[in-house]
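Structure assessment
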Amino acid sequence: MLMTKGRGGGTGAGLSRVSGALLAMSRHLEVRDVLKTIVVSARELLDAEYAALGVPDDHGGFAQFVVDGVSEEQWKAIGPLPRQHGILAAMLKDATPQRLADVRHDPRFGGWPSAHPDMSDFLGLPIADGDEVLGAVFLANKRCPKPQGGCGFTAEDEELLAILAQHAAIALTNARLYERSRELTIAGERARLAHELHDAVSQKLFSLRLTAQAATALVDRDPARAKDELQQIALLAAEAADELRSAVVELRPAALDEDGLVATLRTQVQVLDRAHSARVTFASQGVRALPAAQEEALLRVAQEALHNALRHADARQVDVTLTRHGQGARLRVVDDGRGFDPSAVRRAGRHLGLVSMRDRAGGVGGGLTVESAPGKGTAIEMEVPGG
C-alpha cells in the first residue's frame, strides 16, 4: 500500500489529499471538466510547478490538451498544440512511464517554442483503459531541493501518479459515456420536438384550409360571416407562425460552449419575446462560470419552464432571472398565467414536465421548488451548488 506524506506532514494528510483528488474527479461528468480536474489534482498533489494532460487524435496531434500552472497569456503566446513526438509519443505509443532528471537532456527532446516555460525534472504517465491509451499526464519542476544530477520526482511520486492515472481512466471513460448518452438524449428530444411541431402545425394548417373553404362558400351569400371566417384565418395563421418560431428556438442547439449560460439564456428569451404576444424578460447578476453539466441543467429547466408558461399557462408576462448564489447560481422563472394546484402534483408533474425538471436539478446536486395556485401564476426556482 502506498504511504505518502502531504505538504502538511504525515501520512494521514497525504491520504486525505489523494482521497480528495479522486472524489473531485468523480464529481464531474463533462470530459473537459474531468481533464482539468485531473491536471489540477496531480499538480497540487505532487507539488509540481507545471502539469498537462493530452488526449491524442488520429492525426498525430491532440484532440484536447489541458494545462495547469501556465497563465492564459502564456498559453496563447506558446502557440499551436504540441504534436505527438518525442517523450509524449513514447508515453502514448508504448504506454511507458517517464521520470527524467532533466527533460532537456533527453535525446528525444526536440525543444519548445520561445514562450514556453523552462522545465527540468519531468514525470509523465499514460492514462490507459486496458490496452487503449486514452491520454498522457505529465508534471514538471518539482518544488523541492533536487539531488545532484537526479530527479526531484521520486518513485513514490510515480506510484502516486499511477494511482491517479488509473482513476483518471475510469473518470474519463465515464465522462465519454455520459456525453454519448447526452447526445442520444438530445437526439431523442429533437425527434420529439419535431413530432410535436408536425402535429401542431398540421392541425393549424388543416383548420386554415377548412376555414378558407368556408369563407369561399360564404363570400357571395353572407359577406359578414365570410369576413368573420377571414379574421379566423388570420388568427390561425398567426398561431401557426408562433408554433414554428417556438419549435425553431427549441430545436436549435444551445450555444453554451461558445457563448456561456447567461448569453445563451438572454438570446433565447429575446427570441421568445419577439415570437409571442406575452412579454418575456431576462435579468442576471453576478453569475460566474459553472460546471458544464450544471449550466446545461439550468438551461434545460429554463426552457421547460418557459415552454409551460407560454404554451400551457396563457401567461402575459414571464420573467427569467439568474443570480449568483454562494459558489453556484439560482434560476427563477415567474409567470402570471393560469397556475395550478401543486397538491395535484402527480397529474401536474407529468403534464408540465416537473418530474424531468426535478431530475435535472437533482442530477447536478441542485434542488427545484415550485410555487403555484389556480389563477395566481407559477414560480419555478432552481439552485445549483457550483464547482
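Residues numbered from 1 in each chain as written. Predicted model: local features only at pLDDT ≥ 70, side-chain atom pairs only at ≥ 80, totals over all residues. Heavy atoms only, no water.

Some remarks on the sheet that holds strand β10 (residues 378-384)
- In space, the five strands of this open sheet follow the order β6-β7-β8-β10-β9, with mixed pairing throughout. Strands with a single pairing partner mark the edges of an open sheet, and in this sheet they are β6 (279-285) and β9 (367-372). When the angles between neighbouring strand axes are averaged without regard to direction, this sheet yields 10°.
- The pairing of strand β8 (residues 328-335) with β10 spans seven bridges and is antiparallel. Residue pairing in the sheet places V333 in a bridge with I380 of β10.
- In the packing of helix α8 (residues 292-311) onto the sheet, the strands contacted are β6, β7 (317-325), β8, β9 and β10, and the crossing angle to β8 comes to about 5°.
- The strands touched by helix α10 (residues 354-363) are β9 and β10; relative to β9, the strand with the most contacts, the crossing angle is about 150°. (Pairing = 2+ DSSP bridges. Helix = DSSP H or I, 4+ residues; strand = E, 2+ residues; numbered from the N terminus. Axes fitted to C-alpha atoms, helices over the stretch in contact; angles between N-to-C directions. Contact = heavy atoms within 4.5 Å.)

With respect to the layout of surface pockets
- If you add up the space inside the second largest pocket, you get close to 580 Å³.
- Elements that contribute at least two residues to the lining of the second largest pocket include exactly β1 (48-56), β2 (62-68), α3 (72-78), α4 (86-94) and β5 (132-142).
- Looking at the lining of the second largest pocket residue by residue, the classes come out as 23 nonpolar, five polar and three charged. (1 Å grid on protein atoms, 1.4 Å probe; cavity = no way out; pocket = protein on both sides within 12 Å on 5 of 7 lines; lining within 4 Å. Points joined across faces, edges and corners; volume = space filled by probe spheres on them. Nonpolar A, V, L, I, M, F, W, Y, C, P; charged D, E, K, R; others polar.)

A closer look at the packing of aromatic side chains
- By the definition in use, this model includes five aromatic pairs.
- Seen from their ring centres, F65 and W75 are 6.0 Å apart, and the 0° between their planes marks the pair as stacked. With a gap of ten residues between them, F65 in strand β2 and W75 in helix α3 connect regions that are remote in the sequence.
- Look at F65 and you get buried, because its relative accessible area is 8%.
- Look at F122 and F138: their rings are 5.3 Å apart centre to centre, the planes differ by 25°, and that puts the pair in the stacked class. Of the two residues, F122 sits in strand β4 (residues 122-129) while F138 sits in strand β5, which places them 16 residues apart along the sequence. The pair formed by F122 and F138 is uniform in burial state, with each residue classed as buried.
- The rings of F62, F65, W75, F122 and F138 are connected pair by pair, giving a single aromatic cluster. (Phe/Tyr/Trp six-rings, centres within 6.5 Å; stacked < 30°, edge-to-face > 60°. Buried < 20%, exposed > 50% of the residue type's maximum accessible area, 1.4 Å probe, protein only.)

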